[in-house]
Amino acid sequence: MRRIISVLMENEPGSLSRIVGVFSQRGYNVDSLCVAPTTDSSLSRLTIVTHGDDKVIEQITKQVNKLIDVLKVTDLTDGTHVERELMLIKVAAKTDLVRSEVNRTVDIFRAQIVDTDAKNYTIQVTGTSEKLDAFAQAMWAQTEVIESSRTGVCGLARGEKSLRA
Amino acid sequence: MMSGAAMVVRALKDSGVTHVFGYPGGAVLDIYDALYAQDDVKHVLVRHEQAAAHMADGYARSTGKTGTVLVTSGPGATNTITGIATAYMDSIPMVVLSGQVPSMHIGEDAFQETDMVGCSRPIVKHSFLVKRAIDIPMAIAKAYYIANTGRPGPVVVDLPKDLVNVLEEHPYEYPEDVTMRSYNPTLKGHSKQIKKTVDTLLNAKRPVLYVGGGAITSEASDLITELAEKLNAPVTSTLMGLGAFSSVHEQFVGMLGMHGTLEANKTMHNADCIFALGARFDDRVTNNVEKFCPHATIIHVDIDPASISKTVAVHVPVVGSVDKVVEQVLNQISKKDLSGQKQKLADWWKQINSWRERQCLNYQKSDELIKPQQVIEALYKHTNGDAYVSSDVGQHQMFAALYYPFAKPRRWINSGGLGTMGFGLPAAMGVQMANPDAISVVVTGDGSIQMNIQELSTCLQYNLPVKIISLNNRALGMVRQWQDMIYKGRHSHSYMDSMPDFVKLAEAYGHVGIKVNHPSELDDAMAKCFALKDRLVFMDIAIDQNEHVYPMQIKYGAMDDMRLSKTERT
Ligand SMILES: Cc1ncc(C[n+]2csc(CCOP(=O)(O)OP(=O)(O)O)c2C)c(N)n1
Ligand SMILES: [Mg+2]
């Protein structure tokens, strides 16, 4: 099953490699990984999308929690949560026909064109990973996708629940 | 004010370090210079850095204190890797200080640069790459704190050379108290889980206590003995737990697992309640997990939550240290009436005693050939069962574990998790350093002893009267046993026609060597060995090459599916 694991850890050199190490060492899957300092810059927050059965997920959370640098670990998919991913995608937009078609799709997905030149559009889309997949697919159907870059998922639990030091 | 190098040595002293096992080199010359000027911390010069780590390990296992290693960057550091991994697998507290190239050269592939923090990452509990000289005391204090709290383990402190420069001075401040917001091991069991534990234990008709290395780490021997006696329950132990519960206690049914006793594995397999205390359901214990102990409600006490339900799903998880949890259980139990316990378990004991009657450790003696089991029995006799016995890895290790009953914790020193050949001699040296008046023995094999034999030189330098009991079967016996059983006796590269003369070798290093060839000589030779109290004695004992270790679990079977000899099975 797909799971989103959220980790709060000391923002120190080497912390990230330890977490990544746990995944490679123990043969767990990483579908995406998103990491940045929190508003308290001594801490980093990491969101890992992974998949596995309940036993594997339990081991992942325990093994990550065991790292000395890690303060807290939670499985966001245990409860209701908000998740977002951002994609930048550059597509060929050479003809008026393609441009108007792409524009329409951008509107439907509530995406934004953030850069343009004579031949290309660079578009920003946010949403769930599925929405991003769908958008990319739509682009492929309409024109040529030159390149794309995704941030990986980040997320928060809904309501009272939080991950704090 | 003092130099970074002086800070390192001072911080070691302030962390309670008595011995440092090490080897010098470019990146740590400043630290070595600081060591020269003092005698608070004793430095032991080894002959190979791997041995330094195993010595620190033996020191730690026999005392409970953290072992300390000091090595230079590059090859010095990488040579410790096997020793660090050995300590990691068995949860042994150790701090490894490694030199590093100067900060400004890190990443340039400078001379003797290796990324030690990176190399050791999967086999350490934690590591530090120190960035500023003033951080040295805190990094070292934290290293010792982390190494020897919670589930212990090795910690690496990597020290770039510019930080320890003897010419630059900095203020020294050793923290009075180390606290870390991200690290707070749970010691006491959750009260709800304690209640469940007590209920399960008291309802059991066929309980067993399954004791592991965590019982030794947490010094829980007396408490476990009290609990076992109150419950009248049988006790088994892992290879790592031997001695936590006395092997000569009548409730002890022996070691369990791959080479466990028949009665231990039968008791486990038929139990209706397994109380696991600091043991981790390792694959060398469980055999096929699908068939593991089908009737049992399993209670698992472990300080490491990640150990619980890792291989075998348990019914009552209890996160906490073994001593604290057993104490909590005893507090609850003391309020109950336990007078019926003897009666209730009478049938269980009858069954266990019937398994014992098989006498699975019996073996065939010979007039011509020395049997390995017989050597261990003689060793037991000549040391009054009171030696520190370190071991290497192979058949001799299993014979030692099975035929030397350990009555006390911290007396059996072996590489259980990693199974590191070459561990035994340096470990026994660390034991001897920490316990100068004790008898420190290493049981080894002709293969293993050659993996750190250079340390005979260190033994001479420090007058370490370690007794080497080498079971010489002219073979990598354990490999050969598997080849006999699984590969139709095709002995692919498991025997050595080129054994050195170990007696001469011992003598060349300045020690005493004794060769034993015949069963009739064994007793006298042992007596002679242990009479030489101040000398290292190398006993080169020629044993029967064809002996196998039994009992032995049958692969893919349940715990109690075992071969009992070359021809018999359960
Ligand atoms: C460093 C290392 N290499 C290889 C092995 C695999 N191995 C396990 S036991 C064994 C044979 C040990 O031979 P010896 O020390 O003579 O002991 P014996 O089994 O003959 O008693 C080997 C090669 C190991 N455990 N450790
Ligand atoms: Mg051998």
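Scroll up to find the structure.
Residues numbered from 1 in each chain as written. Chains lettered and ligands numbered in written order. Predicted model: local features only at pLDDT ≥ 70, side-chain atom pairs only at ≥ 80, totals over all residues. Heavy atoms only, no water.

Chemist: Before we move on, could you go through the sheet that holds strand E6 (residues 126-129) of chain B and cite the residues and values that matter?
Modeler: Residues and elements named next belong to chain B. Overall, parallel pairing links the six strands, which are arranged E3-E2-E4-E5-E7-E6 in an open sheet. Whereas interior strands pair on both sides, the edge strands pair on one side only; in this sheet they are strand E3 (42-45) and E6. Neighbour-to-neighbour, the strand axes of the sheet open up by a mean angle of 20°, direction not taken into account. As paired elements, E6 and strand E7 (residues 154-160) share four bridges and run parallel to each other. In the sheet register, histidine 126 faces E7, and the bridge partner there is valine 155. The sheet strands contacting helix H3 (residues 49-63) are strand E2 (19-23), E3, strand E4 (67-71) and strand E5 (94-100), and the helix crosses E4 at an angle near 165°. (Pairing = 2+ DSSP bridges. Helix = DSSP H or I, 4+ residues; strand = E, 2+ residues; numbered from the N terminus. Axes fitted to C-alpha atoms, helices over the stretch in contact; angles between N-to-C directions. Contact = heavy atoms within 4.5 Å.)

Chemist: Tell me about helix H18 (residues 424-434) of chain B, and name the residues and values.
Modeler: Counting buried positions along H18(B) gives 10 out of 11 residues, so the element sits mostly inside the fold. Taken residue by residue, H18(B) has B:Gly424, B:Leu425, B:Pro426, B:Ala427, B:Ala428, B:Met429, B:Gly430, B:Val431, B:Gln432 and B:Met433 as its buried positions. (Buried < 20%, exposed > 50% of the residue type's maximum accessible area, 1.4 Å probe, protein only.)

Chemist: With reference to specific residues and values, describe the sheet that holds strand E13 (residues 297-302) of chain B.
Modeler: All names here are of chain B. Within the open sheet, the six strands sit side by side as E11-E10-E9-E12-E13-E14. Their pairing is parallel. The open sheet has two free edges, formed respectively by strand E11 (252-255) and strand E14 (316-319), since each of these has just one partner strand. If you compare each strand with its neighbour and ignore which way they point, the axes differ by 15° on average. Where strand E12 (residues 273-277) and E13 come together, five bridges link them in parallel fashion.

Chemist: Residue-level account of the pairing of E3(B), with values.
Modeler: On any regular strand, side chains alternate: one points to one face of the sheet, the next to the other face. All names here are of chain B. For E2 and E3, the ladder comprises four bridges, and the chain directions are parallel. Across the sheet, valine 20 pairs through a bridge with histidine 43, a residue of E3. Read from E2 through helix H2 (residues 29-36) to E3, the crossover connection turns out right-handed. (Right-handed = clockwise from strand over helix to strand, strands pointing away.)

Chemist: How would you sum up the packing of helix H1 (residues 15-25) of chain A against helix H2 (residues 54-66) of chain A? Please name residues and give values.
Modeler: Residues and elements named next belong to chain A. Axis separation between H1 and H2 bottoms out at 10 Å; the angle between their running directions is 145°. The crossing of H1 and H2 is right-handed. Each of Ile19, Val22 and Phe23 in H1 lies in contact with H2, whose residues at this interface are Ile60, Gln63 and Val64. Of the residues in the contact of H1 with H2, the class split is five nonpolar, one polar and no charged. (Left-handed = near helix turned anticlockwise from the far one by under 90°. Nonpolar A, V, L, I, M, F, W, Y, C, P; charged D, E, K, R; others polar.)

Chemist: Describe in detail the side chain of B:Ser127, supporting the description with residues and values.
Modeler: Considering the arrangement of structural elements, one finds B:Ser127 in strand E6. Classification of B:Ser127 as buried rests on a relative accessible area of 3%. At 2.9 Å, the side chain of B:Ser127 forms a polar contact with the side chain of A:Arg18. Not counting residues within four places of it along the chain, the set of residues in contact with B:Ser127 comprises A:Arg18, B:Val117, B:Val155 and B:Val156. (Polar contact = N/O pair within 3.5 Å; in protein donor to acceptor, adjacent residues only side chain to side chain.)

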